[in-house]
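Chain and residue survey
Here is what each chain is made of, one letter per residue.
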Amino acid sequence: MKVITEAILRDELRASKPESYTIPEGKILSPAAREYLQQCKIRIDYEDRKKPLKKEEKEIIATPVLKMPEVELPKEEQVKPKFVDYESGAYYFKKPEHMTHLYGNVLVGKDHKRIVFRGKLDSLQSLFVLNQSILAETGGKEKLIDDLEDILGSLREMMRCDAMEEPFRREYIIGLSHEELREHSHNPMKFYKVKQMVLPNYNLGKPYALLNQLRTAVRETEVAAANAYHNGKNYERSDIIEELNRMSSAMHIIMCKYLAGDYGD
């Protein structure tokens, strides 16, 4: 059975946005393709619904389509609900207080694992800004603050991509490729004449302690991302999970550069 992927849909619907998309007999939608159609508010139809559906087809169409139904009101008006529940498919005219936007008009509970991850991501950004301001007060830390700003920019873009359901990719962090980040992080003695993962100590000064705090916060956010995108036996959004892992390596490198004196006094 041929699977229609998100990439196939994007290419096919590049020049148009129909009200519905018909799945040919003998084909199924991938989960990502189904979410793409739902996000675009395109109804999903099937060419032949008379035949019994196979197990994998039933699983694919289990999630309700996000096409807004018309509701008959006493004044003979046709009104469409504004929101839809991601989990149950229920429709709402008004956003419930305990719910928030996952993307578009799709709502989830505020304790949903994707929202918990966004909260971690938001908190991490605020910590970067706070620690940058503390470092700025000490003076002479412009290069260090610039490296932290580079990572902060990635975190803000990551938040946007998660909310907009767009892919996220950065080829370089603090001027290093993914391969270079791994190499430098695993062998800091070679590049910075510093031992790997020097444990923080108050004798190493406040800046080093602040950097270590950011490193651990990045790791916590990475764990939150893995939990948010864990779907059965698979992990979705490997782009975001991978980038957070690279940011963790980047923070270790920044700490090594600080000990090596690369940021000055």
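This one's a predicted model, so the numbers in the text were calculated from it and none came from an experiment. Along each chain, numbering runs from 1 in the same order as the chain's sequence is written. Given that this is a predicted model, residues contribute local features only at a pLDDT of at least 70 and side-chain atom pairs are listed and counted only at 80 or more, while totals for whole chains, interfaces and linings are drawn from all residues. Water and hydrogen atoms play no part in the side-chain values, which are based on all heavy atoms of the structure.

**Side note on the overall build of the chain**
Condition: In DSSP terms, a helix is any run of H or I states spanning at least four residues, a strand is any run of E spanning at least two, and both are numbered starting from the N terminus. Throughout, exposure labels follow a simple rule: accessible area from a 1.4 Å probe, protein chains only, divided by the maximum for the residue type, with under 20% read as buried, over 50% as exposed, and the rest as partly exposed. We call two residues in contact whenever any of their non-hydrogen atoms come within 4.5 Å of each other.
Scanning the chain from terminus to terminus reveals nine helices and 14 strands. Here the chain holds 265 residues, and 42% of them are scored as buried. Summarising the internal contacts of the chain: among those between residues at least 6 apart in sequence, 56% fall at separations of at least 24.

**Some words on the packing of aromatic side chains**
Selection criterion: In this analysis, rings of Phe, Tyr and Trp, with Trp reduced to its six-membered ring, are considered paired at centre separations within 6.5 Å, and the interplanar angle assigns stacked below 30 degrees, edge-to-face beyond 60, and tilted for intermediate values.
Counted according to the given criterion, the structure contains three aromatic pairs. Taking the centre distance of 5.7 Å and the plane angle of 65° together, the rings of Phe-117 and Tyr-229 count as edge-to-face. In this pair, Phe-117 is assigned in helix 4 (residues 113-138) and Tyr-229 in the loop between helix 8 (206-228) and strand 13 (230-231), connecting sequence segments 112 residues apart. Residue Phe-117 shares its accessibility class with Tyr-229, and that shared class is buried.

**Examining the pattern of salt bridges**
Heads up, the condition is: Salt bridges are identified by distance alone: a Lys or Arg side-chain nitrogen within 4 Å of an Asp or Glu carboxyl oxygen.
In total, this model carries 15 salt bridges according to the counting rule given. Residues Lys-257 and Asp-147 are paired through a salt bridge, measuring 3.3 Å at the closest nitrogen-oxygen approach. Of this pair, Lys-257 sits in helix 9 (residues 238-260) while Asp-147 sits in helix 5 (residues 142-164), and the two are 110 residues apart along the sequence. Across the pair, exposure class does not vary: Lys-257 and Asp-147 are buried alike.

**Some words on helix 4**
A turn of α-helix holds 3.6 residues, and therefore any two residues three or four places apart point the same way. Worth spelling out the cut-off: Multiplying 1.5 Å by the residue count of a helix minus one yields the expected span of that helix.
Its 26 residues place the ends of helix 4 38 Å apart at the C-alpha level, agreeing with the 38 Å of an ideal helix rising 1.5 Å per residue. Buried within helix 4 we find Arg-114, Ile-115, Phe-117, Arg-118, Leu-121, Leu-124, Gln-125, Leu-127, Phe-128, Asn-131, Gln-132 and Leu-135. Those residues of helix 4 hidden inside the fold are in contact with strand 9 (99-103), strand 10 (106-109), helix 5, helix 8 and helix 9. Among the residues trailing helix 4, Gly-139 stands out with phi positive, at a value near 80°.

**Digging into helix 6 (residues 178-186)**
Going by this rule: The arc in question is traced by the directions running from the helix axis to the C-beta atoms.
Considered for burial, the residues of helix 6 that qualify are His-178, Leu-181, His-184 and Ser-185. Axial view of helix 6: buried residues confined to an arc of 130°, hence all on one face. Summarising the contacts, the buried residues of helix 6 are in contact with strand 11 (172-173), strand 12 (176-177), helix 7 (188-192) and helix 9.

**Points about the confidence of the model for the chain**
Heads up, the rule is: Scored from 0 to 100, pLDDT records how confident the predictor is in each individual residue.
Averaged over all residues, the pLDDT of the chain is 84; the fraction at 70 or higher stands at 86%. In this model, residues 56-65 is a region of pLDDT below 50 whose contacts with residues beyond four sequence positions or in other chains number 24 contacts.

**Quick word on the sheet that holds strand 9**
How we decide: Pairing between strands is defined by DSSP: at least two bridges between the two strands are required. Every axis corresponds to a line fitted to the C-alpha atoms, with the helix fit spanning only the stretch in contact, and the corresponding angles, defined between N-to-C directions, vary from 0 to 180 degrees.
If you trace the four strands from one edge of the open sheet to the other, you get 8-7-10-9, paired in mixed fashion. Of all the strands in the sheet, just strand 8 (91-92) and strand 9 have a single pairing partner and so form its edges. Sheet topology places strand 9 next to strand 10; four bridges connect them, and they run antiparallel. Within strand 10, the position partnered with Tyr-103 by the bridge is Val-106. Seen against the sheet, helix 4 touches strand 9 and strand 10 and runs at an angle of roughly 85° to strand 9.

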